[in-house]
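Working through the structure, step by step
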Amino acid sequence: MQGRAYDGYMKNKSGDRSSEKAPKASARVGSNVRPIAEGVLEIDTLLGGWERVTAGYLIEGNEPVLVETGSQSSVAILLSALSAIGVGPNDLAGVVVTHIHLDHAGGVGDVARAFPNAAVYVHEKGARHLADPERLINSASQVYGPLLDSLYGRLAATPQERIHVLPDGAEIKVGHSRTLVAVDSPGHAKHHLAIHDSLSGILFAGDAVGVRLPDAGVLRPATPPPDFDMDQAIHSLHRFAERRPSQIALAHYGIIPGSPDEVVEEAIQVLNNWVDVAERAMHNGGDVIDALEKAFSKELSGASEIEQKKLETLNGVHSNAAGIRRWLAKRDAGQL
Ligand SMILES: [Zn+2]
């Protein structure tokens, strides 16, 4: 490691682990960076200028690895956070995207360019889109419409030779006694991986557990088209619990309160509730979006208007309804 600030943090980390160290590190590196465990920094990548919507995580060690870049529009924020932490251009050893949706992977081409030694890790089913993003951008433009350019940005290509596929169970060495283990976790998307840190025990769950913005405080499922698959999503959640993580960290946003067992149980319950409401509406010839709004808007009544807007932009009822409807139709047609 070259950066002085980074060296300083490493020293703190290996010495006194008391919680007084945390505010100091956070004060030095800026208010959007926060230590959440030994050698784990949460970076708020401030999608759209919004706080606590999109998180990246720096896992520290001799070979530091970033989990999630956030969108391309967040790259400037991310790079200045990494620089403030003391991660120099030659220091970052790896960057993992949990999946290739643009709010998670949109920045990866730019990050790869800024950190020429970093290997780029991705699910097998996402790899070709990082090397050749044109099709991904085209489909994203249909999903996001004008928000593609006004909010998310696009995706710069990553050179093929920098891309490493992570099969289930693959390990990335971060330090002497720290590895990150890839957990294949389809359901939200077929190209979804979670990452389990051996040292802190934290499982970085991407979007596979759902979305819970801390200021809204409600866990919602993330079931977008075209990939959402209920059975796979539940299977992935059970696999998370089986790994006995210490905590679960969401991309949207941060460590989710509660024991991982409780969190997984709640995530399964929430998925079941949403799919049940959608299915009933479909069978009764009702409107799925209306039915979901009616059933679940009340739980957000305590959240501010801006929190509701963040959630609707990132993980709207419209998108969840479309994903669930598509999965139910495939299931009913025997196409799963
Ligand atoms: Zn997401």
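Bringing the environment of Ser-198 into the picture now. If you trace the backbone, Ser-198 turns up in the loop between strand E10 (193-197) and strand E11 (202-204). With a relative accessible area of 42%, Ser-198 lands in the partly exposed category. It is 9.9 Å that separates the C-alpha atoms of Ser-198 and Lys-173, two residues lying 25 residues apart in sequence. When sequence neighbours within four positions are dropped, the list of residues in contact with Ser-198 reads Ser-177, Arg-178 and Thr-179. One polar contact links the side chain of Ser-198 to the main-chain amide nitrogen of Thr-179, over a distance of 2.8 Å.

The subject of this paragraph is the coordination of the zinc ion. With distances of 2.0 to 2.2 Å, the protein atoms coordinating the zinc ion are Asp-103 (OD), His-104 (NE2), Asp-207 (OD) and His-252 (NE2). In this structure, the zinc ion is surrounded by four donor atoms whose angles at the metal cover 83 to 164°, and the resulting shape is irregular.

Once that is clear, we can look at helix H11 (residues 288-296). Val-288, Ile-289, Leu-292 and Phe-296 are the residues of H11 that are buried. End-on view of H11: buried residues confined to an arc of 100°, all on one side of the axis. Those residues of H11 that are buried lie in contact with helix H10 (260-283) and helix H13 (317-332). For H11, the N-terminal capping position is held by Asp-287, with its side-chain oxygen 3.0 Å away from the main-chain nitrogen of Ile-289.

Moving on, we get to the confidence of the model for the protein chain. Put simply, the protein chain has an average pLDDT of 91, and 91% of its residues get 70 or more. In this model residues 1-27 is a low-confidence stretch, pLDDT under 50, and it forms 43 contacts with partners more than four residues away in sequence or in other chains.

Tracing the sequence through the fold places His-129 in helix H6 (residues 127-131). Take His-129: its relative accessible area is 12%, and that puts it in the buried class.

Ranked by size, the top nonpolar core spans 68 residues in total, and within it Ile-43, Leu-130, Leu-166 and Phe-204 carry the most contacts. Grouped together as the second largest cluster of nonpolar side chains are 37 residues, Leu-250, Trp-274, Val-288 and Ile-289 included.

What counts, and at which threshold
- Residues numbered from 1 in each chain as written.
- Predicted model: local features only at pLDDT ≥ 70, side-chain atom pairs only at ≥ 80, totals over all residues.
- Heavy atoms only, no water.
- Helix = DSSP H or I, 4+ residues; strand = E, 2+ residues; numbered from the N terminus.
- Buried < 20%, exposed > 50% of the residue type's maximum accessible area, 1.4 Å probe, protein only.
- Contact = heavy atoms within 4.5 Å.
- Polar contact = N/O pair within 3.5 Å; in protein donor to acceptor, adjacent residues only side chain to side chain.
- Donors = N, O, S within 2.8 Å, 3.2 Å for Na, K, Ca; no water.
- Tetrahedral: all angles 85-135°; square planar, octahedral: opposite > 155°, others 65-115°.
- Arc of directions from axis to C-beta.
- pLDDT = per-residue confidence, 0-100.
- Core = buried A, V, L, I, M, F, W, Y, C linked by side-chain atoms within 4.5 Å.

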